[in-house]
Amino acid sequence: MVDIKKLNSHDKVILCVALFSLIGFLYLMYDDSILTDWSDRPDTAAIGEIASVRGDVRQKHFSRFSWKSLRRGTGLFEGDSIFTGAAGSAVVVLKDGTKVNLTPNSLVSFNVKENQMALNLQFGTFKGQLASPGSLKVQVGDETMTLDGSGAQVELKSGNGVELTVLEGNLGVNSGGSTTQLDPSKMLTINSQPGKKAALLESAARARSMFEGDGEAPRELKPLPKQAEDETEAKAKKAKNAFVKITEPAPNARLSVRTDESSQPTEKPVVRIKWDDSREKPASDYQVQMAADPYFQDVILTQESKKQEWTTPPLTPSSYYVRVRPRSEKREWSEPVPFDFAYQPPGPMPPPKALSAPAPRIGNATGEPLAFTWAPVLRADHYEVEVSRDPEFTNVVRRATTRDTRFLLNYDETGSYFVRVRAVSAKGAPGDFQNLGRVTIGNDQPLLAQVDPISILAATPEAEPEPVPVALQWSPAPLAKQYEIELSETPDFAVSQKLTSTDPKKDIRLKRPGTTYYRVRGLNAAGTAVTEYSSSGQLRYDFRLPLAAPKLIEPIAGVTLFFQQSKSTPFWMGWGSVRQATTYILQIGQDPEFSKPVLQHRTDQLSFLMKQNLPLGKLYWRVKAQNTERESHWSEPRALTVLGGRAPASGNSNSKTKGK
């Protein structure tokens, strides 16, 4: 043994350094995290996060030899292993959305293989929910499985091989080159032995839940000792005075979800828990606890929530108790609220929802099938369709079965048709009928096609109108074998001409200009009417003549007008009538070309009383005819001479005065 008192100061320094080095080395063997910050490891890719921790949970990276206690929010890195103790559990959320729930006494390593997450379950049990879309590799011993199932919830339990159960959804399991499809009614057992391929064995699976706990029926509770009963009663009294009170569900509520034909829930079997914090400043976070007994001996799970509500994981049918307390203040739990949760058998198949149907009345049917559609019904295996001629369906003329959500109605006669549909389950249980609609197929009156007015311009003003061809068309009637066309010059068809046609069209000839009225109705082979007359149509025939140039009458050609007074004496200028003319234009000029008109006047008369002074000397005048559509050429100009004992008039003159 070394006597420290005999050592000199230099030896004492060396001894102290050696002792501190030994202590530091021993501590590093226990915890090497001081050398590297575990929250930031650039050499390893972050693959997820610890969402919740309960009890003894530790984490270790493959490159280190020490285990570190886990906290909520700690990052998960490639190559990490997580160990849960006898009372420990943890929930891991991977970056792709996959959730892994580690139960007590489990050890799992997290790696990436072929760009895909791979879990190595060395021992224990974990429950997980795959991402959407999701795929996960799981290694147990020497066997690697690939799990494919968008959003599926699974449980893997290691032991002599591995037991795989689907808790919710559908899953494809590829192991040893073979693939097995699983649903919640199946369990897959993989027996792995060295040097041998895993055998895939299917067996019935018991109902399980996704949350913490093994999902089995609650264990039998032992009677509480007297002291425990007293403590429980004391806690119950405090709970009645607690600040937090559960408001939903109501005490002893009976909650349930419907199941399908395979006894699987048709909706998520979860329950929403809500509470009220009556204080002026409520807590920022809460603890929620669920148990299978009122004394919370058999605690199913403990969860945290930052809101005053929380939704349970999927539940199995059973009785539950729930309580809440402020997490950070560690106050008394609220008064427990019991509720029952059950699976209801499937209700009656609901009637399909009608989506589309043809028009209620088909007057001019084409013979094409008429389509009825409806929305798909959950749980429906197929649909039954009935067609009747009466609304009470006493005269059903057709029944059909289809897996489609569409039905085509074929018809061979007119009248009303009523259509209804109902959903039928795989076991043959029918639902209620849903009326899809009524359609009436009749022989409505034909619809006339429009005929444009006919306008003919004659070659000469003396031409006479000639008959013109017109093509008539109308919509067909289903039962009509021929058609009757009625023509009249009056809209009341008091006097008419009737023609027939076997086709829904007819070429006729209009003999005279003007308006001709026509209508059509369908006839059968015997000539009896099977439709009403159509609405009357109009055929317009306009016959137009070119306008002739007016013939000048007075003054006569070459006349000389002598006025002795200072003002001209009024005199008449006249011309002959032109066929179809409505107005005339009179023009007077000082040259035959009328380059400088002295007067221009429009009138609807055949004469004009000249009252104004005209320039002295030789003048020329002419007339042309007009109507709203066209005009004639100017008449041949006629000359006249104006003499008088006054100064010549100067400037041009335009008159707007009408004649007589």
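Residues numbered from 1 in each chain as written. Predicted model: local features only at pLDDT ≥ 70, side-chain atom pairs only at ≥ 80, totals over all residues. Heavy atoms only, no water.

Digging into the overall build of the protein chain
Tallying secondary structure elements over the protein chain gives two helices and 49 strands in all. Across the 660 residues of the protein chain, 41% fall into the buried class. For the protein chain, contacts bridging at least 24 residues in sequence account for 60% of all contacts bridging at least 6. A total accessible area of about 36900 Å² is found for the protein chain, and carbon and sulfur atoms account for 50% of it. (Helix = DSSP H or I, 4+ residues; strand = E, 2+ residues; numbered from the N terminus. Buried < 20%, exposed > 50% of the residue type's maximum accessible area, 1.4 Å probe, protein only. Contact = heavy atoms within 4.5 Å. Areas by Shrake-Rupley, 256 points an atom, 1.4 Å probe, with all protein chains shown as cover.)

Quick word on the sheet that holds strand β12 (residues 143-148)
Read from one edge to the other, the open sheet built from nine strands follows the order β3-β2-β5-β8-β9-β11-β12-β15-β16, with strand pairing classed as mixed. Looking at strand neighbours, the two that pair on one side only are β3 (68-69) and β16 (178-182), the edges of this open sheet. Bridge count for strand β9 (residues 116-123) against strand β11 (residues 135-140) is three bridges, and the pairing is parallel. When the sheet's bridge partners are listed, L119 is paired in β11 with V138. (Pairing = 2+ DSSP bridges.)

Observations concerning the pattern of salt bridges
Tallied over the entire structure, the rule returns 15 salt bridges. Residue D285 is joined to R327 by a salt bridge in which the shortest nitrogen-to-oxygen separation is 3.0 Å. Placement of D285 in the loop between β21 (272-277) and β22 (286-291) and of R327 in the loop between β25 (318-326) and β26 (337-344) is noted, with a sequence separation of 42 residues between them. Assessed through its relative accessible area of 31%, R327 is described here as partly exposed. A salt bridge links K624 to E631; the nearest nitrogen and oxygen atoms lie 3.3 Å apart. Its relative accessible area of 12% is what places K624 among the buried residues. What makes E631 partly exposed here is its relative accessible area of 42%. Connected through salt bridges with shared partners, the residues D285, E304 and R327 form a single ionic network. (Salt bridge = Lys/Arg side-chain N within 4 Å of Asp/Glu carboxyl O.)

Some points on the environment of F563
For F563, the position within the fold is in strand β43 (residues 559-563). Overall, F563 belongs to the buried group, its relative accessible area being 8%. Sequence separation between F563 and V642 is 79 residues, and the spatial gap between their C-alpha atoms is 7.8 Å.

Points about the packing of aromatic side chains
Overall, the coordinates contain six aromatic pairs when judged by the stated rule. Both rings, one in W275 and one in Y286, keep their centres 5.6 Å apart while their planes meet at 65°; by these two values the pair is edge-to-face. Of this pair, W275 sits in strand β21 while Y286 sits in strand β22, placing them eleven residues apart in sequence. Using a relative accessible area of 4% as the deciding quantity, one classes W275 as buried. (Phe/Tyr/Trp six-rings, centres within 6.5 Å; stacked < 30°, edge-to-face > 60°.)

Let's talk about the sheet that holds strand β35 (residues 454-457)
If you trace the five strands from one edge of the open sheet to the other, you get β35-β41-β40-β37-β38, paired in mixed fashion. Looking at which strands have only one partner, the edges of the open sheet turn out to be β35 and β38 (496-501). Neighbour-to-neighbour, the strand axes of the sheet open up by a mean angle of 20°, direction not taken into account. As paired strands, strand β40 (residues 514-523) and strand β41 (residues 537-544) are joined by five bridges and run antiparallel to one another. If you follow G514 over to β41, its bridge partner there is Y541. (Axes fitted to C-alpha atoms, helices over the stretch in contact; angles between N-to-C directions.)

Quick notes on the nonpolar core
Across soluble globular proteins, you tend to see nonpolar side chains buried next to one another. L147 and L156 are the most contacted members of the largest nonpolar core, which totals 33 residues. Counting 24 residues, the second-largest nonpolar core is a separate cluster that includes L547, L552, L586 and F608. (Core = buried A, V, L, I, M, F, W, Y, C linked by side-chain atoms within 4.5 Å.)

Brief notes about the side chain of R622
Inspection of the secondary structure puts R622 in strand β48 (residues 617-626). The side chain of R622 sits in the buried core without any salt bridge; D591 is the nearest counter-charge, 8.4 Å away. Here Q587 takes part through its side chain, which lies 2.7 Å from a polar atom of the side chain of R622. Contacts of R622, omitting those with residues within four sequence positions, involve L552, I585, L586, Q587, F594, W634, S635 and P637. (Lys, Arg positive; Asp, Glu negative; His and termini not counted. Polar contact = N/O pair within 3.5 Å; in protein donor to acceptor, adjacent residues only side chain to side chain.)

Some details on the environment of R602
Summarising the element assignment, R602 is placed in strand β46 (residues 597-603). Overall, R602 belongs to the partly exposed group, its relative accessible area being 44%. For the pair R602 and A625, spaced 23 residues apart in sequence, the C-alpha to C-alpha distance is 9.8 Å. Of note is the side chain of R602, whose polar atom sits 2.3 Å from the side chain of Q626.

Describing unusual backbone geometry
The omega torsion of the bond from E248 to P249 falls at 5°, within 30 degrees of zero and hence cis. Structurally, the position occupied by P249 is in the loop between β19 (244-248) and β20 (253-258). With an omega of -5°, the peptide bond running from E554 to P555 counts as cis. By the secondary structure assignment, P555 is in the loop between β42 (552-554) and β43. Phi at F493 is positive, roughly 55°, even though this residue is not glycine. Residue position: F493 is located in the loop between β37 (482-488) and β38.

Overview of the environment of A357
Tracing the backbone shows A357 in the loop between β27 (354-356) and β28 (361-362). Given the relative accessible area of 41%, A357 is considered partly exposed. If we skip the residues at most four places from it in the chain, A357 touches A371, F372 and L436.

Observations concerning the confidence of the model for the protein chain
Per-residue pLDDT for the protein chain averages 80, and the proportion of residues at 70 or more is 78%. Per-element confidence in the protein chain is highest for strand β30 (residues 382-388), whose mean pLDDT is 96, and lowest for strand β18 (residues 199-204), whose mean pLDDT is 43. Contacts for the low-pLDDT stretch residues 194-229, under 50 throughout, to residues beyond four places or in other chains number 83 contacts. This model gives residues 655-660 a pLDDT under 50, and the stretch forms 21 contacts once residues within four places in sequence are excluded. (pLDDT = per-residue confidence, 0-100.)

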